Amino acid sequence: MPRLTLDDLYRFAVPADPSLRPDGGAVAYTLTTVDRDADENRTEVWLAAPGAAPRRLAGGSAARWSPDGRTLAFLRPVDGRPQINLLPMDGGEPVAITSAALGAGAPRWSPDGTRIAFSAPVGPGGRAPDADAPVVIDRLEYKADGTGLLRGMGAHLFVVDVASGETAQVTEGGFFAGEPSWSPDGTRLAFVADMEDERDLETGGAVHTVAPGEQPRRLTGPDLVCTGVWWEGERLVVTATKGGPAGHVRLFTLTPGGVPEEVETGLDRNVMTGAPGYPGAAPALLTGDDLMFCVRDRGCTHLYRAPGERLVPEETSVSGASAAAGRIAYVAATSHSAGDVYLGRPGETPERLTDHALDGVELFTPARRMFTAPDGTQVEGFVLRDENAATPGPLLLDVHGGPHNAWAPVLDGFHLYHQVLAAKGWTVLALNPRASDGYGEDFYTAAVGAWGLADGQDFLAAVDTLVEENVADPGRLAVTGYSYGGYMTCWLTGHTGRFKAAIPGGCVSDLSSMAGTSDLGRLMKVHEWGGDLAAQSPITYVSEVTTPTLLLHGESDDRCPVGQSEQWFAALRERRVPVRLVRYPGASHLFILNGRPSHRHDYNERIIAWLEQWVSGSPS
Ligand SMILES: CSCC[C@H](NC=O)C(=O)N[C@@H](CC(C)C)C(=O)N[C@@H](Cc1ccccc1)C(=O)O
């Protein structure tokens, strides 16, 4: 059977965001595929059920069942803006019920099924911002990666009447209201927002409740930085960090008049609610007081129920879950599938309802193993290689981002170069050094104030171990990484000459300029870097770099602005170190994940070509 090729990128079909019908009998989910001719990613709403072949329902995403299970509400593009559509499940075409000027957010049905709440972007004065007008900026929150300049935009809650389509705005003001959750009696909405005057200088986020026509009421204090809220029965379930945005996200419950109580999960692990590149799921009630949630553990994101019972098997990563009628539906990735939909009862072997895995290719499987850093810290990694490949062979060290992300032993649709290189005789080392998620809070915060200084040693120790074991050829070592991984790629080549090729993607080279130009610059400066920005900046050590370097960067990256690569490119060029910068037009920070398919293919292709050019004797 043939090995995976980069063109298989166009064949990936990845499910996400499952929504279980209230009777537990069917699952609506979003399937993302590639339209190669249009050079776009396509999202569609699909339906899966036991004993039936999965089927496409409509173009769109974020499908949610009405309480009676007879209608699906979902987001569907209308004139380029997502609008809430209703699809009767006994037949008929989707009908749009919103016409939000800047598009609507994910639908949230009221308990009686008569209304739908959603959060939506709102321009200044309720009008779409004028793209040609001068942009007046008085606060640090003036841009966001993927959106660009906000031009005074906020986000507010709306409620639309299902029968009439009449829509009412529930919140207003200069803040961003997070996704709403209905109270059991349907009279109020809970949401997270930071309404502090100087919220651009200090990261906050509090739980509020609001009734249409009334002012929001704040429920949580400054001790919690809240990131999400869900009304589950009479309680509010809240995700938050304690005392500031650094550290693990934890679970709390809150009665509207009470004090937040931390949910005793029995796990020193980070709660994962799901974001691009960060698998997870919203907390949900299984039955009674049984709370279901996701945490990352040693790379994989697992589904648990408090106080700490795992609900799905080892070596899978959950990226979306839904509970109803005593059953759970979830999307899980494995070493051979970027994701499929499962349905079952907690604690029982689930049924796989879909088979979206890539067919007709033979995949290499990563091997989990530990390494020991010079200070004795145990660090886990995943080694991907063809066991029949000659040794010692070429080695690519790949550094994940975050720095609080983590590698998992599962297939994803954007690091395809791993499989292609393994088929060419390379070993790919995906390491979870200190600061990675999934190994306890002390490990997670171990690099705070010491980016590079604390975690750089972990990578070199792991590479040296594979050299000592005769797996890796010391003359054919290379390093790559995206975002924080791009930062670390620059850092490592400033601290060792052992790498024969380096490919920083979406990198960070100078923390001082990053602090003033990243959309999260202030947050990172205060809560991740601490004082000495120069000591933690790769640019401080650039005079030591000799490694031929390929810089890959999105032109419209507002998280790690392209200037970070420009600074590194100029410094290496001045020193006549072989260097190339490739810029992807219109690409945001997440372009390697959800950008143009042609850009994602090109990114993978250039990594392989640079390695074959500069790692002498690497199998071509
Ligand atoms: C710890 S402060 C930065 C917060 C944020 N963390 C999670 O994403 C972030 O954006 N980190 C960046 C690096 C930082 C700007 C130096 C980052 O590494 N982000 C993600 C982005 C990503 C995820 C999946 C696919 C492509 C990019 C990451 O690489 O994990």
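These numbers were taken from a predicted model, which means no experiment stands behind them.

The rules we used
Residues numbered from 1 in each chain as written. Predicted model: local features only at pLDDT ≥ 70, side-chain atom pairs only at ≥ 80, totals over all residues. Heavy atoms only, no water. Helix = DSSP H or I, 4+ residues; strand = E, 2+ residues; numbered from the N terminus. Rg over C-alpha atoms; globule rule 2.2 N^0.38 Å. Buried < 20%, exposed > 50% of the residue type's maximum accessible area, 1.4 Å probe, protein only. Contact = heavy atoms within 4.5 Å. Areas by Shrake-Rupley, 256 points an atom, 1.4 Å probe, with all protein chains shown as cover. Lys, Arg positive; Asp, Glu negative; His and termini not counted. Charge placed at Lys NZ, Arg CZ, Asp CG, Glu CD. Near = heavy atom within 4 Å. Polar contact = N/O pair within 3.5 Å; in protein donor to acceptor, adjacent residues only side chain to side chain. Pairing = 2+ DSSP bridges. Axes fitted to C-alpha atoms, helices over the stretch in contact; angles between N-to-C directions. Expected span 1.5 Å × (residues − 1). 1 Å grid on protein atoms, 1.4 Å probe; cavity = no way out; pocket = protein on both sides within 12 Å on 5 of 7 lines; lining within 4 Å. Points joined across faces, edges and corners; volume = space filled by probe spheres on them. Nonpolar A, V, L, I, M, F, W, Y, C, P; charged D, E, K, R; others polar. Parallel < 35°, antiparallel > 145°, perpendicular 65-115°, else oblique.

Q: Give me the lowdown on the overall build of the chain, citing residues and values where you can.
A: Regarding its fold elements, the chain presents nine helices and 38 strands. A globule of 620 residues ought to have a C-alpha radius of gyration of about 25 Å, and the chain, at 24 Å, matches this closely. When each of the 620 residues of the chain is scored for burial, the buried share is 57%. Summarising the internal contacts of the chain: among those between residues at least 6 apart in sequence, 56% fall at separations of at least 24. Working note: accessible area of the chain is about 24300 Å², and carbon and sulfur atoms make up 49% of it. Positive and negative charge centroids in the chain, built from 51 and 78 side chains respectively, lie 3 Å apart.

Q: Which residues make up the site of the ligand, and what values go with them?
A: Around the ligand sit 22 residues in total, of which Tyr278, Gly402, Asn405, Ser483 and Arg559 are the nearest. At a separation of 2.6 Å, an oxygen atom of the ligand approaches a polar side-chain atom of tyrosine 278. Expressed as a share of its isolated accessible area of 630 Å², the protein-covered part of the ligand is 89%. No other element matches helix H6 (residues 521-529), which puts three residues into the shell around the ligand.

Q: Please provide a residue-by-residue account of the environment of alanine 240, values included.
A: By the element assignment, alanine 240 lies in strand S20 (residues 235-242). Look past the residues within four positions of alanine 240 in its chain and what remains in contact with it is Leu224, Val225, Cys226, Thr227, His248, Val249, Arg250 and Phe252.

Q: So what's going on with the environment of valine 545? Which residues, and what values?
A: For valine 545, the position within the fold is in the loop between H6 and strand S37 (549-554). Remark: the alpha-carbon pair of valine 545 and glycine 494, spanning 51 residues in sequence, is separated by 4.8 Å. When near neighbours in sequence (up to four residues on either side) are disregarded, valine 545 contacts Thr493, Gly494, Trp568, Leu572 and Val577.

Q: How would you sum up the sheet that holds strand S33 (residues 393-399)? Please name residues and give values.
A: Pairing in this open sheet of eight strands is mixed, and the strands run S31-S32-S34-S33-S35-S36-S37-S38 from one edge to the other. Both outer strands of the open sheet, strand S31 (367-372) and strand S38 (579-584), are each paired with one neighbouring strand and no more. Each adjacent strand pair in this sheet contributes to an overall mean axis angle of 20 degrees, direction not counted. Of the strand pairs in this sheet, strand S32 (residues 378-384) and strand S34 (residues 427-432) are connected by five bridges, and their pairing is antiparallel. Following the sheet pairing, leucine 384 is matched in S34 by valine 428. Its contacts with the sheet place helix H4 (residues 484-493) against S33, strand S35 (472-482) and strand S36 (499-505), and it is angled at close to 140 degrees to S35.

Q: Provide a residue-level description of helix H9 (residues 597-614), including the pertinent values.
A: Here H9 is 18 residues long and its end C-alpha atoms lie 26 Å apart, about the 26 Å a rise of 1.5 Å per residue gives. Those residues of H9 that sit buried are Pro597, His599, Arg600, His601, Asp602, Tyr603, Asn604, Ile607, Ile608, Trp610 and Leu611.

Q: Any details on the layout of surface pockets? Residues and values, ideally.
A: Space inside the second largest pocket adds up to approximately 460 Å³. As for the second largest pocket, its lining consists of 28 residues, of which Pro124, Leu150, Arg151, Gly152 and Met153 are closest to the centre. A breakdown of the residues in the lining of the second largest pocket according to their chemical character gives 14 nonpolar, seven polar and seven charged.

Q: Requested: an account of the packing of helix H3 (residues 456-468) against H4, with residues and values cited.
A: Between H3 and H4, whose axes approach to 10 Å, the crossing angle comes to 70 degrees. The orientation of H3 relative to H4 falls into the category roughly perpendicular. Across the interface between the two elements, Gly456, Phe459 and Leu460 of H3 pack against Met488, Trp491 and Leu492 of H4. Residues belonging to the contact of H3 with H4 are distributed by class as follows: five nonpolar, one polar and no charged.

Q: Would you mind going over empty space enclosed by the protein in detail, with residue names and values included?
A: All told, the structure shown has two cavities of 30 Å³ or more when counted by the stated rule. Reported here for the largest cavity is a volume of approximately 50 Å³. Phe12, Ala13, Val14, Ala338, Gly339, His356, Ala357, Leu358 and Leu411 together form the lining of the largest cavity. Looking at the lining of the largest cavity residue by residue, the classes come out as seven nonpolar, two polar and no charged. Roughly 30 Å³ of volume is contained in the second largest cavity. For the second largest cavity, the full set of lining residues is Leu311, Ile328, Tyr330, Leu343, Gly344, Arg345, Gly347, Glu348 and Pro350. Of all the secondary-structure elements, those providing two or more residues to the lining of the second largest cavity are strand S28 (327-334) and strand S29 (337-344). Here the lining of the second largest cavity is composed, by residue class, of five nonpolar, two polar and two charged.

Q: Tell me about the pairing of S20, and name the residues and values.
A: Looking along a regular strand, one sees the side chains alternate between the two faces of the sheet. Within S20, six of the eight residues are buried, leaving the element largely enclosed by the surrounding structure. Sheet analysis places strand S19 (residues 224-232) next to S20, joined by eight bridges and oriented antiparallel. Within S20, the position partnered with valine 225 by the bridge is threonine 241. Hairpin connection between S19 and S20: a loop of two residues separates the two successive antiparallel strands, and glycine 233 in this loop has a positive phi of roughly 65 degrees. Summarising the sheet, S20 and strand S21 (residues 250-254) pair through five bridges and their orientation is antiparallel. From the neighbouring strand, alanine 240 faces S21, where its bridge partner is arginine 250.

Q: For unusual backbone geometry, give the residues involved together with the corresponding values.
A: Residue proline 307 is reached from alanine 306 by a cis peptide bond, and omega for that bond is 5 degrees. By the element assignment, proline 307 lies in the loop between strand S25 (300-305) and strand S26 (309-310). For alanine 62, which is not glycine, the phi dihedral falls at a positive 60 degrees. Here alanine 62 is to be found in strand S5 (residues 61-65). A relative accessible area of 8% means that alanine 62 is categorised as buried. Although it is not a glycine, aspartate 79 sits at a positive phi angle of roughly 50 degrees. Along the chain, the position of aspartate 79 falls in the loop between strand S6 (71-78) and strand S7 (81-88).

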